[in-house]
Amino acid sequence: MVMCHSPHDHLHNPKGREAMFTTKWLKLFGVFSILALVLAACGGAPATTQPTAAPAQPTTAPAPTGGGKLEIFSWWTNGGEADGLNAMFDIYKQQNPGIEIVNATVAGGAGTNAKTVLKTRLQGGQPPDSWQVHAGKELTAYVDAGQMEPLTQFFKEQGFDKVMPPKLLEQITYNGEIWSVPVNIHRSNVLWYNIKIFQENGLTPPKTIDDFFTVAEALQAKGIIPLAVGGKDKFETPHLFESVLLAVFGPDDYAKLFQPGADWSDPRVRQAAEIAKRMLEYSNSDRSSLGWADAAQLVLDGKAAMTIMGDWAHGYFISKGAKVGVDYGYAAAPGNDGVFMWLSDSFGLAKGAPNPEQAKAWLALCGSREGQDAFNPKKGSIPARTDANVSLYDEYLQYSIKAFGSEKLAPSVVHGAAAPEAYMTEYGNALNVFASDLDVDAVVEALQDAAKDLK
Ligand code: GAL
């Protein structure tokens, strides 16, 4: 299926489109520096309180009374993601008056910094009440370390098991228990592009890797940066590379790459590294000093034509007042057409949480329809629940809801779905060295080494 859209092609049949989305969705699946960071995280500014509309569908969790605190730990500091989080905090405050929310954030895309701070806190016996964790293999490390409480019973009491796709439930189940409450589903393999640049230059967003290089060459000849890439948060090149691996291997063989015993001596690994090298050669030279949102901003400002990023970039664009289909367009990353690379943000309950009742009220909100419908339209993600009010979601998100139900799925490695944290770190390190030296031999060797640790 083609995921590439002109600014207007959804506007012709809005009614049919809505009905189609709704039906499809309903059918779905039956030490000092660290200390400084820790202090920064603990001292994060509390969320702003703004009155919100009366809850459409109140959660059933008991509202804690008598004041108290709730500390929520995440890396959502950029436009879009911070707005989504604040929207949920607003509802929480309304439902739980008198509870002070400590918004403990550590900036840095994909949680590269936040996870380090969190680790230190958990090892030091100072957990936040609840923290952001990707559904999938990423959460297994916290479970193995005995740092999370099982949530199986809570999940069932809340009825969440009835309204989330089985595929997602699998991702949060480990050793026979459910461990976290998913709040969304993100797509990681999206090409975002500046519509005006493409129109003015008579170009079409690239569907294949070959198309990408043709378009990139044409843009470069016009003095336009073809591809905006960040690097500051050490996940951006690893992120780009997972979409290239998917393009080269296809979804079935891509998924096998992260299974124990995976064969990284396959010549397609080198082919992917060569493609990624060429892509980076068409990108901005100041990659290492830009975050993912800075790269997205280059596209919005018309300084670069494209960026390959998860759909939190959509949340970022919305937060800047930009309009999808007017200021920016979207397509599957080159060679990724018809495959939805997915991940899910979720929240768990800390073992030894200082405020377990407040935390449970938070988790109830995270899994509720009301919470998800407030959070996701701002975050740029689709709801983890299958019964969301689709009319609250914009053109891109309605498209994404449909795509999640109809396209092939592939798990993101960089965002915790495909492989455990220890492997992700090694994969990330290999690609961050590559981001600066572009040494294909070295990265292939490093990736082969990393694969020995797939568990
Ligand atoms: C991902 C996370 C998203 C978004 C992104 C950029 O790992 O799942 O919600 O925060 O990082 O930071």
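- Under an unreviewed UniProt entry, the name given to the protein is Probable sugar-binding periplasmic protein, and the organism recorded is Roseiflexus castenholzii.
- In its Sequence similarities (unreviewed entry) section, the UniProt entry covering the protein states "Belongs to the bacterial solute-binding protein 1 family."
- Under Function (unreviewed entry), UniProt gives the following word-for-word description of the protein: "Part of a binding-protein-dependent transport system for a sugar."

### Some thoughts on the packing of aromatic side chains
Then, number 1: For the structure shown, the criterion picks out 28 aromatic pairs.
Then, number 2: Centroid distance Y254 to F258: 5.2 Å. Interplanar angle 70°. Geometry classified as edge-to-face.
Then, number 3: Taking the relative accessible area as the measure of exposure, Y254 reaches 0% and is therefore buried.
Then, number 4: Each residue in the set W192, W292, Y316, F317, Y328, Y330, Y396 and Y399 is aromatic and connected to the rest through ring pairs, giving one cluster.
Then, number 5: In this structure, R278 is placed above the aromatic ring of F213, and the distance from its NZ or CZ to the ring centre is 3.7 Å.

### Examining the site of the ligand
Then, number 1: Close to the ligand lie 13 residues; W76, H134, D345, K379 and H415 are nearest.
Then, number 2: Within the side chain of E81, a nitrogen or oxygen atom sits 2.9 Å from an oxygen atom of the ligand.
Then, number 3: K379 is positioned such that a nitrogen or oxygen atom in its side chain is 2.7 Å from an oxygen atom of the ligand.
Then, number 4: Across the shell around the ligand, the residue classes break down as 6 nonpolar, 4 polar and 3 charged.

### Quick word on the sheet that holds strand β13 (residues 345-348)
Note on sheets: strands pair through backbone hydrogen bonds, and any given pair is parallel or antiparallel.
Then, number 1: Spatially, the 5 strands line up as an open sheet ordered β2-β1-β3-β13-β6, and their pairing is mixed. The strands lining the two open edges of the sheet, one partner per strand, are β2 (99-105) and β6 (180-182). Looking at each pair of strands side by side, their axes are set apart by 30° on average, direction ignored.
Then, number 2: As paired strands, β6 and β13 are joined by 3 bridges and run antiparallel to one another. What sits directly across from S180, in β13, is G348.
Then, number 3: Sheet strands in contact with helix α4 (residues 112-123) are β1 (68-74) and β3 (130-134), and its direction is about 135° off that of β1.
Then, number 4: Those strands touched by helix α15 (residues 356-367) are β1, β2, β3, β6 and β13, and its axis lies near 50° from that of β1.

### Here we look at the confidence of the model for the protein
Then, number 1: Chain-level pLDDT for the protein is 89 on average; 85% of the residues reach the 70-or-more range.
Then, number 2: Note that pLDDT drops below 50 for residues 1-60; the model gives that stretch 104 contacts with residues more than four away or on any other chain.

### Topic: the pattern of salt bridges
Then, number 1: This model, assessed by the stated rule, comprises 15 salt bridges.
Then, number 2: Note that K408 and D252 form a salt bridge whose closest N and O atoms lie 3.7 Å from each other. Of this pair, K408 sits in strand β14 (residues 408-411) while D252 sits in helix α11 (residues 236-256), and the two are 156 residues apart along the sequence.
Then, number 3: The exposure class of K408 is partly exposed, given its relative accessible area of 44%.
Then, number 4: Residues participating in the shared-partner salt-bridge network are D253, K256, D266 and R268.

### Overview of the side chain of N376
Then, number 1: With respect to the helices and strands, the residue N376 is situated in helix α16 (residues 369-379).
Then, number 2: Beyond its immediate sequence surroundings of up to four residues, N376 is in contact with V183, N184, S381, I382, P383, Y393 and L397.

### Considerations on the environment of P182
Then, number 1: Within the secondary structure, P182 sits in strand β6.
Then, number 2: For the pair formed by P182 and H134, sequence separation is 48 residues and the distance between their alpha carbons is 8.3 Å.
Then, number 3: Contact partners of P182, with chain neighbours within four places excluded, come to F155, M164, L168, I172, S344, D345, S346, C366, G367, Q372 and A384.

### Structural notes on the nonpolar core
Then, number 1: Membership of the largest hydrophobic core comes to 141 residues, with the highest contact counts inside it found for L245, F258, W264, M279, M306, W362 and V413.
Then, number 2: Counting residues per element, this core draws most heavily on α11, which supplies 8 residues.
Then, number 3: For V413, the contacting residues outside a window of four places in its chain are E242, Y254, F258, A418, A419, Y423, M424 and Y427.
Then, number 4: If you look at the next biggest cluster of nonpolar residues, it comprises 6 residues, including A228, L290, L298 and V299.

The rules behind these values
- Residues numbered from 1 in each chain as written.
- Predicted model: local features only at pLDDT ≥ 70, side-chain atom pairs only at ≥ 80, totals over all residues.
- Heavy atoms only, no water.
- UniProt positions renumbered as here; feature names shortened; annotations may be inferred.
- Phe/Tyr/Trp six-rings, centres within 6.5 Å; stacked < 30°, edge-to-face > 60°.
- Buried < 20%, exposed > 50% of the residue type's maximum accessible area, 1.4 Å probe, protein only.
- Lys NZ or Arg CZ within 6 Å of the ring centre and 35° of its normal.
- Near = heavy atom within 4 Å.
- Polar contact = N/O pair within 3.5 Å; in protein donor to acceptor, adjacent residues only side chain to side chain.
- Nonpolar A, V, L, I, M, F, W, Y, C, P; charged D, E, K, R; others polar.
- Pairing = 2+ DSSP bridges.
- Helix = DSSP H or I, 4+ residues; strand = E, 2+ residues; numbered from the N terminus.
- Axes fitted to C-alpha atoms, helices over the stretch in contact; angles between N-to-C directions.
- Contact = heavy atoms within 4.5 Å.
- pLDDT = per-residue confidence, 0-100.
- Salt bridge = Lys/Arg side-chain N within 4 Å of Asp/Glu carboxyl O.
- Core = buried A, V, L, I, M, F, W, Y, C linked by side-chain atoms within 4.5 Å.

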